[in-house]
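One-letter residues, chain by chain:
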Amino acid sequence: MVEKCYKILRQLTAEPFICPTACGSIQFEYEKENGEYLEFEIYEDRIEFFSISQKGEEQEETFLGKSAAERMKQMVVDFYG
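Everything numeric here is computed off the predicted structure, so don't read it as measured data.

Chemist: Please set out the overall build of the protein residue by residue, giving values where relevant.
Modeler: The secondary structure content of the protein amounts to two helices and five strands. Ordered by position in the sequence, the α and β elements of the protein form the string α-β-β-β-β-β-α. Considering only C-alpha atoms, the protein reaches an extent of 35 × 25 × 20 Å along its principal axes. Here the analysis covers contacts within the protein between residues at least 6 apart in sequence; of these, 31% occur between residues at least 24 apart. When the accessible surface of the protein is summed, it comes to about 5300 Å², and 48% of that surface belongs to carbon and sulfur atoms. Averaging the coordinates of the 9 positive side-chain charges in the protein and doing the same for the 17 negative ones gives two points 9 Å apart.

Rules of the game
- Residues numbered from 1 in each chain as written.
- Predicted model: local features only at pLDDT ≥ 70, side-chain atom pairs only at ≥ 80, totals over all residues.
- Heavy atoms only, no water.
- Helix = DSSP H or I, 4+ residues; strand = E, 2+ residues; numbered from the N terminus.
- Contact = heavy atoms within 4.5 Å.
- Areas by Shrake-Rupley, 256 points an atom, 1.4 Å probe, with all protein chains shown as cover.
- Lys, Arg positive; Asp, Glu negative; His and termini not counted.
- Charge placed at Lys NZ, Arg CZ, Asp CG, Glu CD.

Next comes the structure, spelled out in structure tokens:
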């Protein structure tokens, strides 16, 4: 799993705060001063996404398959875009 996270990290345009979780995943977090928040929990078989918009709206989704890392990469670009 660490190798998977390392490969993803090398592709990201912004460096996240990284920490292990109690449920066996590795969490990547991004936070802006305006309150926007973006979080990914990376598991062996999936990536779970959670975000909070500037207006306080929450969104979550699970990404599966080979495209999961690409979707994550694009969301980081959009978050800072």
